[in-house]
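Secondary and tertiary structure notes
Here is how the chains run, residue by residue.
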Amino acid sequence: MSRRIHFLGILLLLVNGRCWGQQIFTDLPALLAYAEQKSTNIRSGQIRFDQAKLAKLTAILGVPDPAGSLSFSYTNNTRLPVNLFPSEIFGGQAGTFQEITTGVQYLSNQNFYAEIKLFNLEGWENLKQSKLSLQSTTADNQVQRKTLFDNIASLYGNIANLSEQYQATLEHLAIADTLRMITRQKLEEGLAKPQDLNDSEVNYLSTASSLQQLQFLLQQQHLACKVLCDIPLQDSILIQPTVPLEGLNQSPNVDINLLSVTSSEWKEKIAWSNVRRLRFANMPTVSLFFSGTRQQFNTRARLFDQDVRWIPSSYVGVRLSVPIPSAQSVAQWGKARFDYALQQQQSSQARLQADLQQQQLKTEYQKALAQLKSNEAIHQLQQDTYVKNRLNYLAGITGLEQTMRSFQAMVNSSANRITAAVNVLLAHSKIHINNTLK
């Protein structure tokens, strides 16, 4: 069973109709490496990681939370304001007023304003939360990567099973053809009935039909592999797995995988940080602010007149802001506390599942190995029974019906043996993934 299925490879190449530039995979690690390059989920994980890094940089700026503005305005007072002044100032009669136009027609104004926060608990907590989010994104990407690898391993196992079944069915088809020829010869010699020849023909055709169905199933599994790994339809791939039985009788060591636990714990820390951030949002903040202004008054319509000086003014100060909690902010803080409690429960569940999954991998491998040993013994016995029944059929000791029953039993035992061997290989592959991605 450790042979390479060259006939199957040639067949699928013809079915695909595309030989140039075809990717051929003979083992699971090569397929995993190729899928890692093609997978949209893994590329999306890198994008989410880059997004989390940008959020961290933004949170660093959010601690001082600098704010400011720079503006320039040019005003043409088309109609200046008029004020009333006592006439006696200008030598007029007391008790009367004179209309005086005030101001300058053209005004240029430059203004700069800046503010930074000296005390900002919410900003510091937001920075801490962004660092936690970066770690959480890394853990989530590893969890998704492991899930993808596990699914690919299962698909690879299906293809390996079908490939070995295909090769075994080819051998069974040759045996069925031999049995058909024996029956035809016995009929010519008058030692068999026409119904026996019909039965042998049906047996041959059924085996040939099974071979064809396996071919279609293999094509479906290759398409499923493209869907799972996000491989474009025009890319031609061929998976030629082998199922080695050597070295699979040793029980491998199974490490506990804490990827899901780590991911859940990071989310728990983020949930608690969110509670603190919403609480700090209602805390006072202290800000330092500065404003500088330059003005130019001009009687001529000239922008930036060099003959008129700019008049500066500025101020600096410290601001204490005390927010008043609203109903919405209180509701958000309460919801964050419940989200944190729920995340604590999910972390506890993840730790429990990690222990159970470790034991499950051990049990699955031991079960598959025990089933393989049993099916190998049964297959050897069924094969021996068929060989003896065929010899007895040639000698005329037994009939065709008993021989065909033993043939079908041998075929079924061969299928069970192949399935058991693939299950051992699949369990071994999942243990390797479990021990590697952690």
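The present account deals with the structure reproduced in this document.

Criteria and thresholds
Residues numbered from 1 in each chain as written. Predicted model: local features only at pLDDT ≥ 70, side-chain atom pairs only at ≥ 80, totals over all residues. Heavy atoms only, no water. Helix = DSSP H or I, 4+ residues; strand = E, 2+ residues; numbered from the N terminus. Buried < 20%, exposed > 50% of the residue type's maximum accessible area, 1.4 Å probe, protein only. Contact = heavy atoms within 4.5 Å. Areas by Shrake-Rupley, 256 points an atom, 1.4 Å probe, with all protein chains shown as cover. Lys, Arg positive; Asp, Glu negative; His and termini not counted. Charge placed at Lys NZ, Arg CZ, Asp CG, Glu CD. Phe/Tyr/Trp six-rings, centres within 6.5 Å; stacked < 30°, edge-to-face > 60°. Lys NZ or Arg CZ within 6 Å of the ring centre and 35° of its normal. Polar contact = N/O pair within 3.5 Å; in protein donor to acceptor, adjacent residues only side chain to side chain. Core = buried A, V, L, I, M, F, W, Y, C linked by side-chain atoms within 4.5 Å. Salt bridge = Lys/Arg side-chain N within 4 Å of Asp/Glu carboxyl O. Pairing = 2+ DSSP bridges. Axes fitted to C-alpha atoms, helices over the stretch in contact; angles between N-to-C directions. Parallel < 35°, antiparallel > 145°, perpendicular 65-115°, else oblique. Left-handed = near helix turned anticlockwise from the far one by under 90°. Nonpolar A, V, L, I, M, F, W, Y, C, P; charged D, E, K, R; others polar. Expected span 1.5 Å × (residues − 1).

**Quick notes on the overall build of the chain**
Of regular secondary structure, the chain possesses eight helices and eight strands. For the chain, the spread of C-alpha atoms along the three principal axes comes to 155 × 45 × 35 Å. Put simply, the chain has 438 residues, and 36% of those count as buried. In the chain, 83% of the contacts between residues at least 6 apart in sequence involve partners at least 24 apart. Counting only carbon and sulfur atoms, one obtains 56% of the accessible surface of the chain, whose full area is about 25300 Å². With 41 positive and 33 negative side-chain charges, the chain shows a spacing of 6 Å between the two charge centroids.

**Section: the packing of aromatic side chains**
In this structure the tally under the stated criterion is six aromatic pairs. Between the NZ or CZ atom of Arg-180 and the centre of the ring of Tyr-204, over which it lies, the distance is 3.9 Å. In this structure, Lys-269 packs its charged tip against the face of Trp-266, placed 4.5 Å from the ring centre.

**Description of the side chain of Glu-125**
Here Glu-125 lies in helix α4 (residues 121-188). A polar atom in the side chain of Glu-125 sits 3.0 Å from the side chain of Arg-276. Among residues more than four places away in sequence, those in contact with Glu-125 are Ser-273, Arg-276, Arg-277 and Phe-280.

**Here we look at the nonpolar core**
What tends to happen in soluble globular proteins is that the nonpolar side chains get buried as a cluster. In this structure, Leu-31, Ile-152, Cys-225 and Ile-239 are the most contacted members of the largest nonpolar core, which totals 40 residues. Broken down by secondary-structure element, the contributors of at least two residues to this core are α2 (28-38), α4, α5 (194-229), β6 (237-239), α7 (327-394) and α8 (400-436). It is α4 that contributes the most residues to this core, 13 residues altogether. Residues contacting Ile-152, with those up to four places away along its chain left out, are Leu-28, Leu-31, Leu-32, Ala-35, Leu-228 and Cys-229. Ala-160, Val-243, Ala-368 and Ala-427 belong to the second largest nonpolar core, which has 16 residues in total.

**Overview of the pattern of salt bridges**
Tallied over the entire structure, the rule returns 16 salt bridges. Its salt-bridge partner being Arg-351, residue Glu-265 comes within 3.1 Å of it at the nearest N-O pair. Here Glu-265, found in helix α6 (residues 259-280), pairs with Arg-351, found in helix α7; they are 86 residues apart in sequence, far enough to count as distant. Here Glu-265 falls in the partly exposed class, since its relative accessible area comes to 31%. Close ionic contact of Asp-384 with Lys-388 constitutes a salt bridge, the shortest N to O distance being 3.1 Å. With Asp-384 and Lys-388 both in helix α7 and four residues apart, the pair spans about one turn of that helix.

**Describing the pairing of strand β7 (residues 285-298)**
Here strand β5 (residues 106-119) runs beside β7; their pairing, made up of 13 bridges, is antiparallel. By the bridge assignment for β7, Lys-117 is matched with Ser-287. As paired elements, β7 and strand β8 (residues 311-321) share eleven bridges and run antiparallel to each other. Note that in β8 the partner of Arg-294 across the bridge is Pro-312.

**Some words on the packing of α2 against α4**
It is the contact of α2 with α4, at a shortest axis distance of 10 Å, that shows an interaxial angle of 135°. As the angle between them shows, α2 and α4 are arranged oblique. In terms of crossing hand, the pair formed by α2 and α4 is right-handed. When α2 is examined against α4, the residues Leu-28, Leu-31, Leu-32, Ala-35 and Glu-36 are found in contact with a partner set consisting of Arg-145, Phe-149, Ile-152, Ala-153 and Tyr-156. Partitioning the contact of α2 with α4 into residue classes produces eight nonpolar, no polar and two charged.

**A short note on the sheet that holds β7**
The strands making up a sheet associate through hydrogen bonds between their backbones, and the pairing can be parallel or antiparallel. Ordered in space as β2-β5-β7-β8, the four strands form an open sheet in which the pairing is antiparallel. The open sheet has two free edges, formed respectively by β2 (67-76) and β8, since each of these has just one partner strand. The average angle at which neighbouring strand axes cross in this sheet is 15°, direction not considered.

**With respect to the packing of α4 against α8**
Across the interface, α4 lies against α8 with an axial gap of 9 Å and an inter-helix angle of 160°. Considering their axes alone, α4 and α8 lie roughly antiparallel with respect to each other. Read as a crossing pair, α4 and α8 show a hand that is right-handed. Residues that form the contact of α4 with α8 fall into these classes: 17 nonpolar, ten polar and four charged.

**Some details on α5**
Spanning 36 residues, α5 covers 53 Å between terminal C-alpha atoms, matching the ideal 52 Å at 1.5 Å per step. The positive-phi residue at the C-terminal boundary of α5 is Asp-230, with phi of around 60°.

**Side note on the environment of Leu-179**
Within the secondary structure layout, Leu-179 lies in helix α4. Under the relative-accessibility criterion, Leu-179 is labelled buried at 0%. In the structure, Leu-179 is positioned 215 residues away from Leu-394 in sequence and 9.7 Å away in space, judged by C-alpha atoms. In contact with Leu-179, other than residues within four places in its own chain, are Asn-203, Tyr-386, Tyr-393, Leu-400, Thr-403 and Met-404.

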